[in-house]
Amino acid sequence: YEAGFTAVLDKCVDFIRFSLEEQLKAQPESVKLLAALAHVVTVHGSKHDAVTAVQKQIDSTKGLDKSAPHLVLLAKVLTAAGDRPAAYQASKRASELQPNWPDPVLAMAQVEIADKNLEAAGKHCEELVKRWPNIPDGWLWLGSVREVLGDLPAATAAYEKAVSLNPKNALASNNLAW
């Protein structure tokens, strides 16, 4: 039974991947389709294959190398694959292209967190909450960095702000429970 189910699932995954690749031919600029493809390839292939798929789409579609959302997606996939220098560069380029968008700053913070460079991550999180104070995720990530660095009063204040902005933020609420 298990072997049969696995075989069916594998066929479904192949079909889903094929379908996403075909849809990207029709809508090559779609970040959502590319993110879905990257997820499928990551889960049912490898993180490096996902990087290749995202980079291939960006390289083969005119103008995507200048699309901040595509570069943030590339940064996330590169971070997951362990290529943090390239992830940071993609995030930085996205921030340069779209300086009034918080996602590249958050992506840079996440790269620094993955690299265990918490002081630098904290600086990005501080920038995030200073420039976009109404974004709960900025406060959540700032709280997480402060907590790991041992500054529990600052972590608590950041988590409380995240919850005040989004009372349904389960992670921030859970982090306040300590």
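Criteria and cut-off values
- Residues numbered from 1 in each chain as written.
- Predicted model: local features only at pLDDT ≥ 70, side-chain atom pairs only at ≥ 80, totals over all residues.
- Heavy atoms only, no water.
- Helix = DSSP H or I, 4+ residues; strand = E, 2+ residues; numbered from the N terminus.
- Expected span 1.5 Å × (residues − 1).
- Buried < 20%, exposed > 50% of the residue type's maximum accessible area, 1.4 Å probe, protein only.
- Contact = heavy atoms within 4.5 Å.
- Polar contact = N/O pair within 3.5 Å; in protein donor to acceptor, adjacent residues only side chain to side chain.
- Axes fitted to C-alpha atoms, helices over the stretch in contact; angles between N-to-C directions.
- Parallel < 35°, antiparallel > 145°, perpendicular 65-115°, else oblique.
- Left-handed = near helix turned anticlockwise from the far one by under 90°.
- Nonpolar A, V, L, I, M, F, W, Y, C, P; charged D, E, K, R; others polar.
- Salt bridge = Lys/Arg side-chain N within 4 Å of Asp/Glu carboxyl O.

**Some remarks on helix α6 (residues 103-114)**
Consideration 1: Taking 1.5 Å per residue as the helical rise, α6 with its twelve residues ought to reach 16 Å, and the 16 Å between its terminal C-alpha atoms agrees with that figure.
Consideration 2: When we look at burial in α6, the residues that qualify are P104, V105, L106, A107, M108, A109, V111 and E112.
Consideration 3: On its buried face, α6 is in contact with α4 (68-81), α5 (84-97), α7 (118-131) and α8 (136-148).
Consideration 4: In the stretch just after α6, K116 is the one whose phi turns positive, near 65 degrees.

**Digging into unusual backbone geometry**
Consideration 1: Phi at K116 is positive, roughly 65 degrees, even though this residue is not glycine.
Consideration 2: Residue position: K116 is located in the loop between α6 and α7.
Consideration 3: What makes K116 exposed here is its relative accessible area of 71%.

**Details of the side chain of N169**
Consideration 1: Residue position: N169 is located in the loop between α9 (152-165) and α10 (170-176).
Consideration 2: A distance of 3.0 Å separates the side chain of N169 from the backbone nitrogen of A172, its partner in a polar contact.
Consideration 3: Contacts of N169, omitting those with residues within four sequence positions, involve P136, L140, A162 and V163.

**Quick notes on the packing of α6 against α7**
Consideration 1: Between α6 and α7, the least distance of the axes is 8 Å, while the angle of their chain directions is 160 degrees. One element, α6, and the other, α7, form an angle in the roughly antiparallel class. Judged by the sense of rotation from one axis to the other, the crossing of α6 with α7 is left-handed. Of the residues in α7, those in contact with V105, L106, M108, A109, E112 and I113 of α6 are L118, A120, A121, H124, C125, E127, L128 and R131.
Consideration 2: Here the residues of the contact of α6 with α7 are counted per class, giving ten nonpolar, one polar and three charged.

**Quick word on the pattern of salt bridges**
Consideration 1: Under the criterion given, the structure shown has six salt bridges.
Consideration 2: In this structure, the salt-bridge partner of E126 is R146, at a minimum N-O distance of 2.9 Å. Note that E126 is positioned in helix α7 and R146 in helix α8, a separation of 20 residues in sequence.
Consideration 3: For E126, a relative accessible area of 37% translates into the label partly exposed.
Consideration 4: On the accessibility criterion, R146 (16% relative accessible area) is buried.

From the geometry alone we can't say anything about function, so treat these as descriptive.
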